[in-house]
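Coordinate analysis (summary)
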Amino acid sequence: MNQLPSFPADTLAFDSAAARLTVDLAAIVGNWRMLDSLSGKARASAVVKADGYGVGAEAVGRALVTAGCRDFFVATAAEGRRLRGLALDARIFVLNGVWPGAEQDVFTHNLVPVINSPEQLEYLLGLGGSHDYSLHVDTGMNRLGLTIADAQALSAMPGANPVLVMSHLACADDPGDPMNHRQCRDFRAVTALFPRSEASLSSSGGIFLGEDYHLDLTRPGIALYDGGTIEAAIATIKPVITAEARILQIRTVRAGETASYGATHRFERDGRIAVVGAGYADGWLRTMSGSGVTARDDGSAGAFGFLAGQKVPVVGRITMDLTTFDISAIPENRVRSGDYVELFGPNIGLGEAAKAAGTIGYELLTSLGARYARRHVHGVPA
Ligand SMILES: *Cc1c(COP(=O)(O)O)cnc(C)c1O
């Protein structure tokens, strides 16, 4: 093993990578503390499914355990197993529950399955022993979860003793939607059936809906990583992740020439373009191309990058490994090949970039892919 901590190999890789991500762990910890405090009497957990929304579940988990987070949610048993290695005394809930064949994985790693159906519960109770489990009751989302009638029937069974009863809001990011109140009321009727269990209703958006929604445990995911999807969170939540791509070549173009596949962008005057080393294989989605894609319906003209103090538009189609930006507005002496263009981060919001693709920050983050050099900074928050 190469032991050169002051100049580790991955620093070299980071400094020359075609595409790279910087993750600010202190910002994640700060966001979690803010969400924990906004949760009032409830504790905040941390949702780190899908590799911590693409940010890196292990690094996020380690930072948040140090900050005092004691409850984590993942989607699959495999994600839970990986997290268990570092979050030693934390509770790890597996949202998909437990299936025949997966019980070893779940119980040897002391994971808490979230039971979503009567069959799953029957199976779990049939295993014998005393396993901690959570019950997920569907109050309107019609995704996973027991019906309210199932939950009622179950509460009458001796031995039905979940550590946590939870539900999930369908419209938490829209405080004006009457469905929030309806789900909250129905869920409170369910929690009354399980007086010995803790209760949890709110994902990120729900935390901002007020005290009624907090109960015992909140489940923020996206707001740990980005506040852009929730109006009320924008001012309080710090961006955590910066994506950059390196300029591999700068080209001079003449009026009348075109850029990229399909020649969908035609230059009206002479100018310059920067070709950077990230494309749709890196989750820099093709639907945010400058032109020439049909799937986008919001009329936006494509994504922007940020370079030398200003925004520069994507021109033409984004390709698998490469994207072309029009940098004609930047003076020649301010940019060289080898410089990095910010794809999103402090100057271009994740939500803004996602919107250009007709999607949401969640999808952009979890699409980022394996090719980025990743650097986690500020691992020991002040
Ligand atoms: C993903 C998920 C969350 C987190 O949602 P965010 O909107 O990212 O905060 C919470 N609860 C459940 C059941 C989820 O599936």
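In this report, the structure presented in the accompanying data block is examined. (Residues numbered from 1 in each chain as written. Predicted model: local features only at pLDDT ≥ 70, side-chain atom pairs only at ≥ 80, totals over all residues. Heavy atoms only, no water.)

**Here's the deal with the overall build of the protein chain**
Counting secondary structure elements, the protein chain contains 13 helices and 19 strands. A compact globule built from 382 residues should have a C-alpha radius of gyration of about 21 Å, and the protein chain, at 23 Å, falls within 12% of that. Over its C-alpha atoms, taken along the principal directions, the protein chain stretches across nearly 80 × 55 × 40 Å. Going through the 382 residues of the protein chain one by one, you find that 49% of them count as buried. The contacts in the protein chain between residues at least 6 apart in sequence include a share of 64% that link residues at least 24 apart. Total accessible area computed for the protein chain in this model is approximately 17600 Å², and 52% of it derives from carbon and sulfur atoms. Computing the positive centroid from 34 side-chain charges and the negative centroid from 40, the protein chain places the two 5 Å apart. (Helix = DSSP H or I, 4+ residues; strand = E, 2+ residues; numbered from the N terminus. Rg over C-alpha atoms; globule rule 2.2 N^0.38 Å. Buried < 20%, exposed > 50% of the residue type's maximum accessible area, 1.4 Å probe, protein only. Contact = heavy atoms within 4.5 Å. Areas by Shrake-Rupley, 256 points an atom, 1.4 Å probe, with all protein chains shown as cover. Lys, Arg positive; Asp, Glu negative; His and termini not counted. Charge placed at Lys NZ, Arg CZ, Asp CG, Glu CD.)

**Some points on the packing of aromatic side chains**
In total, this model carries 3 aromatic pairs according to the counting rule given. Every member of this aromatic cluster is reached through a ring pair, and the members are Y53, Y225 and Y362. Taking the ring centre of F73 as reference, the NZ or CZ of R219 above it sits at 6.0 Å. In this structure, K311 packs its charged tip against the face of F304, placed 5.1 Å from the ring centre. (Phe/Tyr/Trp six-rings, centres within 6.5 Å; stacked < 30°, edge-to-face > 60°. Lys NZ or Arg CZ within 6 Å of the ring centre and 35° of its normal.)

**Description of helix α5 (residues 77-84)**
The set of residues buried in α5 consists of A77, E79, G80, L83 and R84. Along the long axis of α5, the arc covered by the buried residues comes to 155°, so they all point the same way. For α5, the secondary structure elements touched by its buried residues are α3 (49-53), α4 (57-67), β4 (71-74), β5 (91-94) and α6 (103-108). (Arc of directions from axis to C-beta.)

**Concerning the environment of H378**
Along the chain, H378 turns up in the segment after β19 (373-377). On a C-alpha basis, the gap between H378 and A63 in space is 9.6 Å, while along the polypeptide they are 315 residues apart. Each residue touching H378, except ones within four places of it in the same chain, is listed here: D24, L25 and A26. Within polar-contact distance, the side chain of H378 engages the side chain of D24 at 3.2 Å. (Polar contact = N/O pair within 3.5 Å; in protein donor to acceptor, adjacent residues only side chain to side chain.)

**Thoughts on the packing of helix α2 (residues 25-38) against α4**
Between α2 and α4, the shortest axis-to-axis distance is 10 Å and the interhelical angle comes to 50°. Here α2 lies oblique to α4, going by the angle between them. Considering how the two elements wind past one another, α2 and α4 form a crossing that is right-handed. On the side of α2, the interface is formed by L25, I28, V29, W32 and R33, while α4 contributes A59, V60, A63, L64 and A67. (Axes fitted to C-alpha atoms, helices over the stretch in contact; angles between N-to-C directions. Parallel < 35°, antiparallel > 145°, perpendicular 65-115°, else oblique. Left-handed = near helix turned anticlockwise from the far one by under 90°.)

**A short note on the nonpolar core**
In this structure, L64 and F344 are the most contacted members of the largest nonpolar core, which totals 105 residues. Per element, the largest residue contribution to this core is 7 residues, and it comes from α4. Apart from the residues within four sequence positions on either side, L64 is in contact with I28, V29, W32, A46, C69, F72 and L224. Core analysis: the next-biggest nonpolar cluster, separate from the first, contains 5 residues, A259, F267, I273 and V315 among them. (Core = buried A, V, L, I, M, F, W, Y, C linked by side-chain atoms within 4.5 Å.)

**Looking at the pattern of salt bridges**
Following the criterion strictly, the structure yields 12 salt bridges and no others. Between D105 and R81 there is a salt bridge, with the nearest N and O atoms lying 2.8 Å from each other. Taken together, the residues D105 in helix α6 and R81 in helix α5 connect sequence positions 24 residues apart. Relative accessible area serves as the criterion here: at 34%, R81 is assigned to the partly exposed category. Across the pair R91 and E198 runs a salt bridge, and its minimum N-O distance is 3.4 Å. Separated by 107 residues along the polypeptide, R91 in strand β5 and E198 in strand β9 (residues 198-200) bring together distant segments of the chain. What makes R91 partly exposed here is its relative accessible area of 22%. (Salt bridge = Lys/Arg side-chain N within 4 Å of Asp/Glu carboxyl O.)

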